[in-house]
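Descriptive analysis of the structure
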Amino acid sequence: MGIETKERGGRELESGAQVISGQLGKTIQRLRKAYNFSLSDLAEQSGVAKSIISQIERNETNPTLATIWRLSQALDISIERVLSSGEEEPFIDKTTRADTPILVSEDGKLRLAIIGWIKTVEWLQWYDVTSEPGGELDSEGHQRGSIESLSVTAGEFEVEVGDIVQRAKAGETLRYRCDRRHVVRCVGKEPGHALMVCILKAAVME
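Residues numbered from 1 in each chain as written. Predicted model: local features only at pLDDT ≥ 70, side-chain atom pairs only at ≥ 80, totals over all residues. Heavy atoms only, no water.

- An unreviewed UniProt entry annotates the protein chain as Helix-turn-helix domain-containing protein originating from Bosea minatitlanensis.

As structure tokens, this is what we get:
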């Protein structure tokens, strides 16, 4: 049975249908962290109260479909994917292009498609990076000991960490500590493409 969120959504989604899922709270929390959203950020984006989101993440309440729909819209993911996160699901999981969340740099030139699995987002994240020439992603530090890897497949990128700057062309990889401010730039005259992997808890593996 489909969910028509625009034509019929107002009345039907507000009907109070309840969703009971032990995995729902974890799914919402992982998606929120993948976007680096605080509870307040997600509340502002979705229109759902911060206290309600907190209760959902702790599995202390059974939200209505209307609430889940608002959260899924704010997290740029289909409601079907939010609801199909049970442990009994088959292991093979497909994400369509339209259902892949996209992050955009402040200059609008660099885009990161979140292609990592939401169940590993707290310690392992990976992204498909595309950039126009001159695109720049300026990021604050992640958890202490975190490491990032940037494997270039097209164009040329530059990474700046502290006073160190290194460049990599297609076929080359840069690995660097990302627990401090770090900047990724697409240099040269050609568009760039790369795969970025971030290990957020690398310190525990030392």
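Re the side chain of E148
- Position of E148 among the secondary structure elements: in strand β5 (residues 147-154).
- When sequence neighbours within four positions are dropped, the list of residues in contact with E148 reads H142, L174, R175, Y176, C178, H182, M196, V197 and C198. (Helix = DSSP H or I, 4+ residues; strand = E, 2+ residues; numbered from the N terminus. Contact = heavy atoms within 4.5 Å.)

Structural notes on empty space enclosed by the protein
- Under the criterion given, the structure shown has one cavity of 30 Å³ or more.
- Put simply, the largest cavity is a space of about 30 Å³.
- When residues in the lining of the largest cavity are grouped by element, the largest group, four residues, is from strand β3 (residues 124-131).
- The residue inventory of the lining of the largest cavity, partitioned by class, reads six nonpolar, two polar and no charged. (1 Å grid on protein atoms, 1.4 Å probe; cavity = no way out; pocket = protein on both sides within 12 Å on 5 of 7 lines; lining within 4 Å. Points joined across faces, edges and corners; volume = space filled by probe spheres on them. Nonpolar A, V, L, I, M, F, W, Y, C, P; charged D, E, K, R; others polar.)

Comments concerning the layout of surface pockets
- In this structure, the largest pocket spans a volume of roughly 500 Å³.
- Along its surface, the largest pocket is lined by 20 residues, and N36, L103, L137, D138 and S139 are the ones closest to its centre.
- When residues of the lining of the largest pocket are traced back to their parent elements, those giving at least two are β1 (102-104), β3, β4 (136-139), β9 (182-187) and β10 (192-199).
- The leading source of residues in the lining of the largest pocket is β4, at four residues.

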